[in-house]
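Structural characterization, general
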Protein chains: 2
Amino acid sequence: MTTRRRSAPRKRPVRRKPARSKRRSPARRVWSFGDGTAEGRADQKSLLGGKGANLAEMARIGMPVPAGFTISTQVSDEFRAARGRFDPDLRADVARALERVGKRMGARFGDAENPLLVSVRSGAPVSMPGMMDSILNLGLNDRCVGALIESAGERFAWDSYRRLIQMYADVVLGLPQARFEARLEAARDARGVALDTELTAEDLRDLVADYLGLVEKQTGRPFPQKPEEQLWGAIGAVFRSWNNPRAVKYRELNGIPESPGTAINVQAMVYGNMGDDSATGVCFTRDPATGARVFFGEWLKNAQGEDVVAGIRTPQPINEASRAEDTHGLATLEVEMPKAYRRLHRLSRRLEKHYREMQDIEFTIQRGQLWLLQTRTGKRSAAAAVQIAVDMVKERLIRRDEALCRIDARSLDQLLHPMLDDSVPRDAIARGLPASPGAAVGAVVFSAEAAEARALVGEKVVLVTAETSPDDIHGMHAAEGILTARGGMTSHAAVVARGMGKCCIAGCSALEIDAARGLMQVGSHLIRAGDVITLDGTTGEVMLGALPTVLPEFGESFVELMSWADRARKLAVRSNADTAFDAETARKFGAEGIGLCRTEHMFFEPNRILAVRQLILAPDAAERERALARLLPMQKSDFAQIFHVMDGLPVTVRLLDPPLHEFLPHSDDEMREVAEALGTDVASVRSRVEATRESNPMLGHRGCRIGITFPEIYRMQVRAVAEAACEVAEAGVTVKPEIMIPLVAHPRELELLRELADEELERVFADLRMRVRVRIGTMIEVPRAALTADAIAEFADFFSFGTNDLTQMTYGMSRDDTAGFLPAYVASGILADDPFVSIDEDGVGALVRVAVERGRGARPTLKLGLCGEHGGDPRSIAFCDRVGLDYVSCSPYRVPIARLAAAQAAIAASGPRRATGARR
Amino acid sequence: MTTRRRSAPRKRPVRRKPARSKRRSPARRVWSFGDGTAEGRADQKSLLGGKGANLAEMARIGMPVPAGFTISTQVSDEFRAARGRFDPDLRADVARALERVGKRMGARFGDAENPLLVSVRSGAPVSMPGMMDSILNLGLNDRCVGALIESAGERFAWDSYRRLIQMYADVVLGLPQARFEARLEAARDARGVALDTELTAEDLRDLVADYLGLVEKQTGRPFPQKPEEQLWGAIGAVFRSWNNPRAVKYRELNGIPESPGTAINVQAMVYGNMGDDSATGVCFTRDPATGARVFFGEWLKNAQGEDVVAGIRTPQPINEASRAEDTHGLATLEVEMPKAYRRLHRLSRRLEKHYREMQDIEFTIQRGQLWLLQTRTGKRSAAAAVQIAVDMVKERLIRRDEALCRIDARSLDQLLHPMLDDSVPRDAIARGLPASPGAAVGAVVFSAEAAEARALVGEKVVLVTAETSPDDIHGMHAAEGILTARGGMTSHAAVVARGMGKCCIAGCSALEIDAARGLMQVGSHLIRAGDVITLDGTTGEVMLGALPTVLPEFGESFVELMSWADRARKLAVRSNADTAFDAETARKFGAEGIGLCRTEHMFFEPNRILAVRQLILAPDAAERERALARLLPMQKSDFAQIFHVMDGLPVTVRLLDPPLHEFLPHSDDEMREVAEALGTDVASVRSRVEATRESNPMLGHRGCRIGITFPEIYRMQVRAVAEAACEVAEAGVTVKPEIMIPLVAHPRELELLRELADEELERVFADLRMRVRVRIGTMIEVPRAALTADAIAEFADFFSFGTNDLTQMTYGMSRDDTAGFLPAYVASGILADDPFVSIDEDGVGALVRVAVERGRGARPTLKLGLCGEHGGDPRSIAFCDRVGLDYVSCSPYRVPIARLAAAQAAIAASGPRRATGARR
């Protein structure tokens, strides 16, 4: 709150004054611009609307903007208060402003010889694209059209008049569009053409007559021939459109207040379709795809803005640098209109410098004269965003802080995964949740086993399944990408895939999978195992066949930006990694430690699972010890490898966590295998497996409850950590092992298990005659742990917030079971933000705050981290920074995102002064 | 804390002074008593130990206590500090005290002619039964034994000497008992007898010689013949026993501090086995079974205290009032020793008056002289407790507050369920958890269906099953009692059975049930369906055959006590009741409303479940509406009946809560039935059923999530409530319906559903042209709801804490899945108190506090209740009183418990002054 207030004063007085003085002495309500000057400026969005403020700013700094004026948002409120009437003062102000526009453009509104035509457009403080109405070509009538015929040709003039009548009938008079469209269609049919542009001047003239008749017939009054009447009709209609149902709904959904209302921009028309010396186009001050500092854009000769958007004609490159493969042969603006091009280029550079941002500019050339219609911050790819930000720092346009804050941390994801070539058109047959970005091309397989088998012989496969489970990990590893019919953004498939940096589309409900028969139906398509499909994990689209992919790479700029981020941030960034391979990836991406090494994933390896099953199903402690003895060297070697990779950095090993049932055999073959190994029969194995089944495994016999009931398992794991650490330390590596005890709900659990761990550590150190420092801590993932954090901190060197489970328990919502109600929840706005993606600050966040306060209160040296999925989410990272955690830990591919997000959080926390550079 | 401090001052100074002055001027360390006076008193337990303080008190008020003295607890600390040495001052004090004992008893310690024999016993401030050692008959030696032979006979003397040597060898010298036992056994064998009492004086004399030799051989020194050496040896040993491993462990488990240590009581021996003018016995000042104000007790002629306990001889009644069926023919003390009896009776009355409590007194008559050895508060049945408390108020011995506080609220349970006749011996074949008290006798059935079928033909059955589910409710209703192999004190079976007031034993792991074959193995017993068994739900015991039961009834005293409770308490007490029948029971037990009416239980009725299944499996909204239309009149009639019964009192109806899966068909037959009703095939029903299966149903699609996704279901339920309320109100009944929305985690859920409910209510009121007031509120059962209670309170007229689910989520522990780890958790002291039985104040309680504060902060008129299982638990009720809830709601049979517990909580809260009557 404080920071927002500190940043506001520059704008507030302007925003507030008109509202306060509304009923007393009216402040300026009509703001003129054009001809290199303006009464308003960019920071008056609240009063002039976004568009009006921008036009004013452009004019003010001397850009060739068609002259016009803005009726302020204050009038919108007055208009509503006065029930749709305008007071004489306003009419006088508008008339004066209109006259000034005419002078600036060398024309006069309503003049039969040299008529000024204007547009009336809405422009609210917050952009509401497509929600409100616009009317063009106002000022045309039966009298003026002649002058226009003379100056711009017959076809152009009649077409402009036709458009005015149709728009006016719709927006101002509220007549149904269908009748007008029917007449237009009849005209096309009569001429035997498909497009309006193919109609002749005559056709259009007849149509105008026809339209005028239609208006008179429908309204009982002729179409207004007085330009002033047209103008005020249009202004009233646009103000009214502020409260049309669509706009009201849009504001409701987006939390936009009703007041201030919209501003209205009345601006002289300019035309890019007045012949071959006219043109229209769009340009960027830098390449929006690569960020390269080249002037970039497209144009069309003798065309209007809509034509560029409509895609009927292929736009031409404005210069050689903008030329793409499919535009060879098309002439550039630079060649065809060199003077206009040079001016455009010069002005673009000024605009970028002025706004200190890459600009996306709309321009029109009317009979050789360049007009700028709009400029705004240009959208760009993630790669371009990085390049531009770094370049602008070097060009001294912006500071490093600003560069860091300009990049959407989430978008870095695009830089880290192979992706589809965007320039290739695609035909999606289904769309699911974009669970893990990147692209995957491969043959469909319907089981983890098939994925592994086919991958072994070198085939690229896409694993398609209803949903995945820990049993499928090997198959997911083997596949190029994963496509599931069920589950959300944080389903098993999604989480694991993101962890692997592997493309995944989850919850694609259009799939009807019949795995047994090896096929699936997707809409009208029947896809068999072996058919090739392509996934776009960034958009959630599924395509038939193989689409080409591109491999992004880290540029110098990326590396440089990251180094700035590392200097700016306070939060350390670690990674979740279960294997040495993951750890290497994480380290490459800049992780400063492993925040979560899940030992259970190691247990699922094919050559280990049997020993794990023997362990769980052992009839007695002796058999259990035998199984543990087999597992110990495997775990030890896992840890040793990870410690090697993470030389000098901390590694947090979480002791066994999941319900034991997850490890147990399900198929008859597996049961037979286990029965043989244990020297017992299948029936008794089956009954043991049945006995471990739980109603709510999430809330069952798992986490430290396993450590309490089977202390020998935790003891083995602690021994493996300690022996590995000693071994690696002797080889000269700096090891910083941390042992994390999961699912603690009661201080005594941690007390007992810490005792056990300390005992085992001492035993190992005594055996090996050396010692390493091992920190012992716990996950805070059960609400009770957060609430009793002071008592728990007594036995913990560190806390790591396991916000996945903490969210599930705090919400009372299993993320595996949300399919039935999540759509309704999103639709009714209960879960606007998925709490499994962005931390729920009111609920889960409240518990985190409590735990931080109580934990640090009891033990000031307590180290605090977060290792849930939220560790890679920028909003959640900002929260972690605010509550004062020491680090976040996320999947390897999210480490750069977290580094940047942490930097942005630190910059935001240091106050707006530093972030915006504004000084008072 | 404050209250404890306020009550302490009377005792504290006494407890503290010795500790403080330990090293400077020693306070009195040896406290004499006997002969109608004493240096100590009852409130010096911390200094004199419980036993010592009690003996002093008895002596002080003139009771005939064998003279003796107490060595204070302070000496225990000194003894440890001095590493087992005694200072000369202490030795002198003891010698003086011993001399005084001798004078009082007319004997002298170590005197050959008239030896004083003493016992040395420990006596800590907090009773630690059996943890420390005692030694009797000290003072006997080769020399004195002659005098004893002369005065008490040869057999008595040698036996006493033998006992001394054996005890001394064990306790003081630390010799293994086995050798002494072996000699004793050899002596019995030689004589050809089975009992020590059958040995002759000669045998015992030989044994003494033998023992003396054994001691000398084992220790290398003769058995100490000096009485002083014996005494100090005994004192040292008893002090040392304070730190024996058993005692240390016991203190650890019971949270008893190490300091102050134990006191030691040295007391003259008296004997009830010195001939036919000697006796020993136990008496109560009132009948401990009924509470009747009659003098009650048992005695044995020429016997020692152990003999009464050992049960070798049948004790005789002390008077006619104490005579039981199996003691006819045995002479009473009143007849045999009328003088001693009259004195005993007189003294008992004085003791009761002095302590203002029913007393349990041990006495010995030595050669016609009555000695009192101990008095303490007498244990009694629940019925007796009520009777005594009420009588004592009438006798003006105690105040009503005190009467209320003297009854263990939990024990009222015994008064409310039929129970086994305790006087009939039983032979338990297995023991489970005493899940719901009372008794049940019936034929074993292994399914709910069988239970219902057999009950229909009038058979009494006991339902035996692995565990129960909501499907089994009808069978549980039909059965006399329920016995399950799995599940804990709060398993489905236990909770439902308690709700029904039905006997239940849960988690009886000895059962090996083969339901398919209709039999079970219990240890060596094979029990078939139809065999009769008896359950004791109060102890958890299972017996073969039919044992007789007794039906308790509410006495006048009970009713009177309850009326006092109702006046004393602040908390209202409501009941959880799903049917009119339950509601009637609840009202009879004094419920002031229904706090939780679960609508889902109504759904399980056989004639409704099909409609419910159609509803859930409906392919579209139309089919759903048809099913709802069938359910509406049924629900409406349920509610109308309950409103009738609860005329004038509030009824909280909870809208549908459980996962829909629970209602779905499982067997083929059921699926066929549903398929027919829906006009579809079994396969599609099966696939729908499969689709609703959840990984963690507790955290799945349930509670208000059903209301959000299927608003028509909640709308039907609201309509049923409103229509029923209007109908009943028109009939002149006062209805106070409350609608409760379950499982709210986010304020917006409640906002939406409240809107829906309000709409539907208005629609009904408009239709019926009348209105009743309907409050709408929510359950707080998800941690997030508690954390965001301020926002939720905006839409709630009331909160009801659903502490069952709140505990599960706060602990992250499903109560259905604790079987695997609960034993280990109890053993390691993590869950000393089952959080599902007594509210977990640190965790769940913290959330309740937060919700109360935030909820009332946002809406001061918010009504607050609790409707989890905790609503019937006295400790939890005290918590509810402290945090300021308005009411608790519990199962009907617990209503009286809750009423009393609420009164006790209010009395405790009003301060110790009022509770104890102490004034400063």
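Think of each chain on its own: its residues are numbered from 1, step by step along the sequence as written. All chains are assigned letters beginning at A, and all ligands numbers beginning at 1, according to the order in which they are written. Local features in this predicted model are restricted to residues whose pLDDT is 70 or higher, and side-chain atom pairs enter the listing and the counts only when it is 80 or higher, whereas totals over whole chains, interfaces and linings include all residues. Hydrogens and water are ignored here; the side-chain numbers use all heavy atoms of the structure.

Residues and elements named next belong to chain A. Angles run from 0 to 180 degrees between N-to-C directions of axes, and those axes are lines fitted to C-alpha atoms, restricted for helices to the stretch in contact. A run of H or I in DSSP counts as a helix once it spans at least four residues, and a run of E counts as a strand once it spans at least two, with each numbered from the N terminus. Their axes nearest at 8 Å, the elements helix α21 (residues 556-568) and helix α37 (residues 895-909) cross at an angle of 50 degrees. The angle between α21 and α37 places the two elements in the oblique class. Seen along the crossing, α21 lies across α37 with a hand that is left-handed. Within the contact between the two elements, α21 uses F558, M562, A565, D566 and A568 and α37 uses P896, R899, L900, A903, A906 and I907. Classification convention: Asp, Glu, Lys, Arg as charged; Ala, Val, Leu, Ile, Met, Phe, Trp, Tyr, Cys, Pro as nonpolar; all other residues, Gly among them, as polar. Split by residue class, the contact of α21 with α37 holds 9 nonpolar, no polar and 2 charged. An angle below 35 degrees is treated as roughly parallel, one above 145 as roughly antiparallel, one from 65 to 115 as roughly perpendicular, and anything else as oblique. Less than a right angle of anticlockwise turn of the near helix away from the far helix marks a crossing as left-handed, whereas a clockwise turn marks it as right-handed. We call two residues in contact whenever any of their non-hydrogen atoms come within 4.5 Å of each other.

We now examine the confidence of the model for chain A. Any region with low pLDDT has predicted coordinates that should not be read closely. All names here are of chain A. For every residue, the pLDDT score states the predictor's confidence, bounded by 0 at the bottom and 100 at the top. Overall, the predicted model of chain A reaches an average pLDDT of 89, with 94% of residues at or above 70. For the stretch residues 1-25, pLDDT sits under 50, and the model shows 14 contacts to residues farther than four places along the chain or on other chains. The model gives residues 913-920 a pLDDT under 50, and that stretch makes 12 contacts with residues more than four places away or in other chains. Both scores are given for the predicted complex: the pTM is 0.80, the ipTM 0.79.

In this section: the sheet that holds strand β7 (residues 279-284) of chain A. All names here are of chain A. When DSSP finds two or more bridges between two strands, those strands count as paired. Here we have 5 strands laid out as an open sheet, ordered β9-β8-β7-β10-β11, and antiparallel in their pairing. In this open sheet, the two edge strands, each paired with only one partner strand, are β9 (316-317) and β11 (369-377). Where strand β8 (residues 296-301) lies against β9, 2 bridges are found, and the strand directions are antiparallel. Note that in β9 the partner of W299 across the bridge is Q316. Across the sheet, helix α14 (residues 338-355) lies against β7, β10 (359-366) and β11, angled at about 30 degrees from β11, the strand it touches most.

Residues and elements named next belong to chain A. P260 follows S259 through a cis peptide bond whose omega is 0 degrees. Along the polypeptide, P260 turns up in the loop between α11 (245-254) and β6 (263-268). One non-glycine residue, R83, lies in the positive phi region at around 50 degrees. Residue position: R83 is located in the loop between α4 (73-81) and α5 (88-105). Look at R83 and you get exposed, because its relative accessible area is 78%. Even without being a glycine, R396 presents a positive backbone phi close to 60 degrees. Within the secondary structure layout, R396 lies in the loop between α15 (382-394) and α16 (400-405). Only protein chains enter the calculation, and the probe is 1.4 Å; a residue is then buried if its accessible area is under 20% of its type maximum, exposed if over 50%, and partly exposed in between. Residue classification places R396 among the exposed residues on the basis of a relative accessible area of 77%.

A separate point is the packing of α15 of chain A against α21 of chain A. All names here are of chain A. Interhelical geometry of α15 versus α21 gives an angle of 70 degrees and a closest axis separation of 9 Å. Classified by the angle their axes make, α15 and α21 are roughly perpendicular. Note on packing geometry: the crossing formed by α15 with α21 is left-handed. Judged by residue contacts, V386, Q387, V390, V393 and K394 of α15 engage S557, F558, E560, L561 and W564 from α21. Classifying every residue of the contact of α15 with α21 by side-chain character gives 6 nonpolar, 2 polar and 2 charged.

What follows deals with the pairing of strand β5 (residues 134-138) of chain A. All names here are of chain A. Judged by how many residues are buried, β5 sits mostly within the fold: 4 of 5 residues are covered. Pairing of strand β4 (residues 118-123) with β5, which is carried by 3 bridges, proceeds in the antiparallel orientation. Residue pairing for β5: V120 is matched across the bridge by I135.

Taken residue by residue, helix α22 (residues 580-588) of chain B has A580, D582, A583, T585 and A586 of chain B as its buried positions. Where the residues of α22 of chain B are buried, they touch β27 (572-576), β28 (594-598) and α25 (621-645) of chain B.

The next subject is the interface of chain B and chain A. Taken together, the contact between chain B and chain A spans 42 residues of the former and 42 residues of the latter. A 1.4 Å probe defines the accessible area here, and the buried area is the portion of it lost by two parts on being joined, summed over both. Note on chain B versus chain A: buried area summed over both sides is about 3,700 Å², and carbon and sulfur give 60% of it. Salt bridges are defined as contacts in which a side-chain nitrogen from Lys or Arg sits within 4 Å of a carboxyl oxygen from Asp or Glu. Viewed at the interface, chain A and chain B are joined by 2 salt bridges. Ionic pairing is found between R784 of chain B and D840 of chain A, a salt bridge with its closest N-O pair at 2.5 Å. Nitrogen and oxygen atoms within 3.5 Å of one another constitute a polar contact, given that in protein one can donate a hydrogen and the other can accept it, and given that sequence-neighbouring residues count only through two side-chain atoms. Taken together, chain B and chain A are joined by 24 residue pairs in polar contact (both at pLDDT 80 or more). Where the side of chain B that touches chain A is concerned, the elements lending two or more residues are α28 (704-709), α30 (747-768), α31 (783-787), α33 (803-811), α34 (822-827) and α35 (844-858) of chain B.

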